[in-house]
Structures are given as C-alpha cells and as structure tokens.
Amino acid sequence: MPDLIVENIEKQLGTAQILCGVSFELQQGEVLALLGASGSGKTTLLRSVAGLERPDKGKIEIRGKVVFDAATGFEIPAEQCGLGLVFQSYAIWPHRSVFENVAYGLRLRRVPDAEIRQRVGDVLARLGLGHLADRYAHQLSGGQQQRVALARAIVYNPPVLLLDEPLSNLDAKLREDARAWVRELIKQIGNSALYVTHDQTEALAIADRVLLLDRGQIQQDGTPQEIYGRPTSQFAAEFMGSNNRFDGKIAEISANRARLENHGWSLWGKLRGNKEPGAPGTGLIRVERVRLADGGGENHLKMQLKSALYLGERWEYVLQLGELRLRVWGEEGRAPGECWVAIPQEEFWIF
Amino acid sequence: MSRTLRSFAVIGVALVVFGPLGLIIYQSFLSEAFFSPTASLSLGAYRYVLTDSGFHSAFGTSLLVSLGMTLISVPLGSLLAFLLVRTDLPGKKFLEPWLLVPIFLSPVVLAFGYVVAVGPVGFFSLWTKALIGRVPWNLYSLYGMILIAGLEAARVAGAGPWRIAATVSLPLVLPSILFSAALIFLLGFELFGLPLVLGDPAGLLVLTTYLYKLTNLLGVPSYHLMAVVALSIVALTFPLVYAQRRMLRTAGRFAVIGGKGQAFRPLPLGALRWPAVAIVLLWLVVTVLLPLIGVALRSVVSQWGEGIKLFDVLTLDHFRELKGYPNLVRGIVNTLLIGSIGGALSVVFYAIIGLAAHRWQSRWVSFLDYLVMLPRALPGLIVGLAFLWVFLFFKPIAPLRTTLFSLWIAYTVVWLAYGLRLISAALLQVKPELEEAARVTGAGQGTVYRDVTLPLIRFGLIGSWLLVFMMFVREYSTGVYLLGPGTEVIGSLIVSLWGTGALDLISALSVIEVALVGLILFIALRLGVRLDA
C-alpha cells in the first residue's frame, strides 16, 4: 500500500488555475521530489497534501485512509493528518527552546515526559544538535535551524515527511553538504518523503523519483536518470541541465530517427513525439554530450570557434555556424578558428 | 474551538454595536421616553429638533469648528510630521515622545487648563496684564475655541503623513493628508470637552454640548429629542468614517510601494534649523505645557484673581479636600479599576475579535470589519447615552447599570476600532508558517492560538493594554450619562463638577488624572511600546 495517493488534484486561486489535475503515488520509504519553476504549483500541491490548502477537486489518501475527498466534501483537518512538514523558512517557534520545539509534537500526542526526553534527545543527537537543546532560534545558525525544523518534523514518526525547499535558505556550500545528509537521514529513518524544490541538482541528488511540474501539470514522472537522460517532452528536456538548441525543419524520418536541417547543417537524431516530414522541429542535446572532433564524419559539423571561456574545472567554447550557436565543454584552451563538432545521434533529441 | 470563537466575535460585536444604535433609532421615532407608558410612534421629535433654532446654531457652530480645526491642524500637523521625520531637526529623538503626549491627555482637562492658564482671569492672562496693561486674547470666543481645537488636533492630523513620510516620497503623502483631513473633520463633530468648557461662558453650543444641555431642558427626560440629536451627529460622522475607509485603501496602496526600512537621507534644514525647533517647541508649550501648568498651579492655590500673589496662596488643601467627598474618592478608585482591570478585559475582548478574524477567509470578516468601523462614527457621549438606555430598556441586565460593568462595556465599544488596530498590528507580526507549523504538528486551531499565536503577541498585548489603560483613564465623555453612585470616574466627574463651578476640586482631580496617565506613559515608554499605533 502506498503511503500517499494523490488523485486528480485541482486548485484555483482567484482566476489562476494553480493545479490542473495532478495525480501520483508515494511508496513506502520512497523520496519523491516535486520539481518545478516558481509558479509551477509545487508548493500549492505540497500544502494541499499537508491540509493547509483546500483543493477544489480530487482526493488524497494517506496510508489507505482518505484525508480529503472533494467529491464527498470530506476533509480531515491538517492537525489530524499527522504529517511532518519542514518549511522553507524553517518556522522555528521563537518563544520555545530547541528542545521544546522538537518536543511539541510529542506533547500534543500526550507522550509521557520521560519518553519525550528520550525521543527528543535521540533525534537531536542524531542531527548533531544535542548540545543546542536549550538554545532559542535566534541563537542558531541557518544550518542549525534547518536541522531543528527537520528534527521537529520527524520526531513523531509521521507517515509522510513533507519538505518545502528546505535547503534554499542555506548558502551554497552548506547546501551541497545538506543534500547528502538529508537523503541519508530520510533513508535511515525509512520515511517516505515528498520534497519540493526548484533546484534540479537537488532533486536529482536527493530523490528516488522526480515529478516534473509545469503550470499545474505533471510533465514527467520518473527516476532521476529517466528525467535527465530520457525526457519525454521538449519542456522536460529543456528544463533539465544545460542544452544546445537547434531550430530547424524535419527533413526525413526513418523508424524512430529523424533528420533535422536548417541553413548549412543537417543532423540525425532520436525522434521524440509524433512529427511529419516537413514540420518544424527542435533538436536538443546536453552541452556535456557535445564534443569537439578531429575531423569530419557522420553528424559532425564544421563550425567557427568564436571564443573559449575558462570556467575553472573546464573550458567552454562558443561555436557558430550561420545562426546556430553552440556551447561545448573541453579540457584545454583553444584559439579561435575552424573546428569540427560531433553531435552523437543517440543523445540528440528531436521534438 | 475556532468556530465558537468566531461566532462569539461576530455575535458579540454585532450585539454591542447594533443594540445601542438600534435603541437610539427606535427612541428617535417615539413621542416620549421609551419607558413612558404613553409613548407612541411619532415623528414629533424630528419635527421639534429640526425646527429648533438652537439646534440650527449648534449645527452651524459644529460645522465652523470642524472646518476651522481642520484648516489649522492639517497643515500644522503635516509640517510637524515633516520636520520630525524627514529633516535633520536638532533634538529629534528627545522631542518625538513628547509630541505624542497630547493624544493621551483628556480634552476636558486640557480645556480646563486653558481656562485657568489663559482665560480672562487665568494665570498667564493676569501676568500678561500686569506687564502690558491688558490681555491681548479672548479665550471665550468661537475663534479661541477653534484655534485651540486645531492646535490640539495637529498631532493626530500629522499621524498619517507621519507614518507614510518615513517610507515613501513626498507626493505620495497627499492621500494620507486628505485622510487626516477627513479624520479631523470627523473629530470636530465629536468634540465635547473643549466646547463644553470653552464655549459655555460665551454661550456657544456645538451639537454635542447641545445634546448635553438638552438633558435638563424639559424637566422630564427628553430621550426622544436626544435620540434625534444623537442620530443627526451620527448622520454627519458616518459618511466621514465611510469616506475615510475608502481613502485608507488608496493611502495603504501607496504605503506598500515604499516597502520596509527604505533608507533616505534626512533633508538638511540649514539655517532654518533653529526656527524649526522653535516652531515645534512653541507648539508643545501651547498645547501641552500651558494647560498643564495652568491645571497644576490652580490645584495648589487657595484662590486666584487680580492682585493675588502666587506665593501667598500656595496650598495642598484641595487634594486633602478630595477625601471629604466619597464619590470623588470612588471616582479615583474606579478610574484605576476601569483602566487596569477594565483595560485588560477590553484587550482580551479585542484579542478575541482579532484572533477570530485572523487568517479567517470568509465573508464574515468583512462584515466584522464594517461592524468595528461603526462605533468610530459614535462619539463617546452618544455611546454612553445609548448604553444607559440599553440598561434601562432590558430589564434583566438593569442591575448592572449602577456597576462598573456598564461603564466598561461602553468604553470597550468606544475604543473598539482603536483596540483592534493595536491587536491586528501585533497579529500582523506573526508569520503564518509559525501557526501552520503547529497545525501540521498536530495542534487544533484553539491550541495554535494558545501555544503559538498568543505567546508570540504577548508583548503586543501588554503594549495594547497600557495604551488602552491610558485611553480609559483619560476618557470623560462616555461616562457622562452613566455617571451615578458606583460608576464615578475622574473624567465624567470633572464634566459634572464643571457645571457646579468647583474649580478647586476639578484642578485636583485633573492633576491626579494627568499624573496617572503620565505614570503609565512612562512605563510604556520604558517598555518600548510604540505609542503611535
């Protein structure tokens, strides 16, 4: 039985349709990332699951128990769903110590004092906060507050842990560390988690599965490898990673491959979606999949190297052919001039 | 829990607002007082009042006073606000709290202060006369009254621009200046203490004092006539409150643009610095120091008049005399009780309404909003009168009329909008996630209020209590009609003593009231309570 079933959720705010029929399931122990740009509806979706927002349509089940059903008007208030939620701003109660922040959920559940002390102590120790139990929010660093927020959300073993951009208020270095330990932590406690983020690297790193959301709809639902490596739509392809984009016309189709052409170039790639020859098409390839080549060959282009930018761990070359501009990564500096570029067919998607 | 709270808020406010108002309207259509067995439906009261020349002249005077004080106070208040907020005025930090003081002083005390300071035989008048041979001013005139009302209202008039000027550029202050003008114009119709004390000797009546005099006009209680006069005042004030509300929306929109904490360089005044300081100080002297010195001096002299030397007549007897009047002693105790305990209970009531409306998305919230707005159109005098009638009309609660409860509920209604503004300012500081976090953690709405919202606004609540405490101590007009054994308070005692000319007692009571307010003000300032909420 899945920990969470979300069925066809719709939500309108004012005149804006925020969610247009979103459905997904969250399996026991799974970490699911809701990935999308701002305005994609991901936070509204999370808040709907948390019971803080009332959807117009749809149904939500937690561990087989219906908590919301628009059809029957049935709704369990947020406080009875028993979920754990980590806010983007952490929302640590400033008038309670770290210990009391974390203990609050247990106190509400009338857990005996001795057990509260023990469980809160365990969680704080596990998150490296043991020595901070008596502090208040304003005495903590951003990273520590974020841990308190997590501790507070997991201490009462919620069926599903909800996280709303929990790392976005941390500075870059801390965020990279946090990715790893947050995933480890969730895996250790074996919780299923719904993780909202706009940061694709974070989503790919932390989640077992990613739901790519755009304008209130799920664009793609898959493992991080699928989302990044096998996008099913042009949106999904362009949203992830850094891409080179080729605008042209579909010249030829053969089986699941197509040839895209425009002034001065013609390339074979994998055809995604239904297209007829003669229709306009868009080719996309991840920047890191394009390579400079020693000479001509199939799917090779002869281009002008305009500039080479030093980015620290690599070089980025900017190449041009008529109106087509490509970015290619390489190991060493290069002088401007002519060079060959290889576009691997398997990695070149035509939409 | 939250449902109970919300129903209580809506029903409670509707009752305390519509009850009294409805009773006034009902009474205005009767031929006699409602308790009279021969009372019948009639338009006679309207006919009588609307054709009475006394009413016409009171109406005219009210209009003149309102206009005059608006014309004086709005430019002056805006100037003061501008000087204090946007310029490098020397001594700003020191001056600012003092500029707020007039708001917390009772108008009737101030008016009395003016009488004993610069009235025909006032301290300063006689000293001036001794110096130059004559008194170059006449306090007891329409213009004297308008001038003083205008000067006193300047700080209130400046309050809007004051807040806005700190965040946005000058042209955007205009809507809030218009808003202030509407507010002052409204306050002009509600003036009571000032015209009572200053207008009386010259025979000048405004609508409120006309209403007050009407009480004893016909020997029998002329409630039906009073109801019509009260309604005529409300008919003037209500549109102003409504217009103000419309304007506030526009002004608010501008305020948002400024955002928070936008830094700006104070405008250098250059050579104008000292004249500017002089203007502010002069205003403080005239509006605060002059009347307060008057009151203080009057309270420590046995008599005063031409040819009397101050040091010959100094005495503390007036304060000792107070002990001989049980009603005055009760008045002082009651004032303290209504301010401290009553103020606290009112803050609880305001907090309940504030919490009920807090993050409640419903049509009832805007209904509640309008309900709360209504009492702003009701001067304290009228609310007091209406509650007197409520307690006379509804027999089961009649015994409460002679207890402080009657006074407390009237005060609570009069200061409803003010109190709620304080509470919602505090509630606005609570970030919604803090409450949502508690809900998700497992707390029901009531528990969230108890464990998160209320603890977070506790300092706001204490601040509100202190401010309401001061307002209740300085309140005078609301208690006038409810005054009786058991419900005496300093403010309304001063009003009733004014009729008997007991200047000695009035001055002693005034000093006690000012000292009380001063003490609370001191505590509030020490605690860092924002006075200009």
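Here goes a summary of the coordinates provided. (Residues numbered from 1 in each chain as written. Chains lettered and ligands numbered in written order. Predicted model: local features only at pLDDT ≥ 70, side-chain atom pairs only at ≥ 80, totals over all residues.)

## Here we look at the sheet that holds strand 16 (residues 291-293) of chain A
Residue and element names in this part refer to chain A. Across the sheet, five strands lie side by side as 16-20-17-18-19; this open sheet has antiparallel pairing. This sheet does not close on itself; its edge strands, each paired only once, are strand 16 and strand 19 (324-330). Geometrically, the sheet is characterised by an average inter-axis angle of 50 degrees between neighbouring strands, direction not taken into account. Relative to strand 20 (residues 337-342), strand 17 (residues 300-310) runs antiparallel, the two being bridged by six bridges. The residue of strand 20 that forms the bridge with K302 is W340. (Pairing = 2+ DSSP bridges. Helix = DSSP H or I, 4+ residues; strand = E, 2+ residues; numbered from the N terminus. Axes fitted to C-alpha atoms, helices over the stretch in contact; angles between N-to-C directions.)

## What about the interface of chain B and chain A?
One frequently used descriptor of interface size is the decrease in accessible area upon assembly of the parts. Taken residue by residue, the interface counts 13 residues in chain B and 16 residues in chain A. Elements represented by at least two residues in the side of chain B that touches chain A include exactly helix 19 (432-441) and helix 20 (445-456) of chain B. Counting residues per element, the side of chain B that touches chain A draws most heavily on helix 19 of chain B, at seven residues. In the side of chain B that touches chain A, the residues fall into seven nonpolar, three polar and three charged. (Contact = placed C-beta atoms within 7 Å. Nonpolar A, V, L, I, M, F, W, Y, C, P; charged D, E, K, R; others polar.)

## A look at helix 5 (residues 142-154) of chain A
Residue and element names in this part refer to chain A. With 13 residues, helix 5 should reach 18 Å at 1.5 Å per residue; the first-to-last C-alpha distance of 19 Å fits that figure. Among the 13 residues that make up helix 5, 10 are buried, leaving the element largely enclosed by the rest of the structure. All of the buried residues in helix 5 are Q145, Q146, R147, V148, A149, L150, A151, R152, A153 and I154. (Expected span 1.5 Å × (residues − 1). Buried ≥ 20, exposed ≤ 12 C-beta atoms within 10 Å, placed from the backbone.)

## Thoughts on the packing of helix 12 (residues 273-299) of chain B against helix 23 (residues 503-526) of chain B
All names here are of chain B. Relative orientation of the contacting elements helix 12 and helix 23 amounts to 125 degrees, with a least axis distance of 8 Å. Classed by the angle they form, the pair helix 12 and helix 23 counts as oblique. Our pair here, helix 12 against helix 23, has a crossing hand that is left-handed. Here L292, V295, A296, R298 and S299 of helix 12 come into contact with helix 23, specifically with L503, S507, A508, S510, V511 and V514. Partitioning the contact of helix 12 with helix 23 into residue classes produces seven nonpolar, three polar and one charged. (Parallel < 35°, antiparallel > 145°, perpendicular 65-115°, else oblique. Left-handed = near helix turned anticlockwise from the far one by under 90°.)

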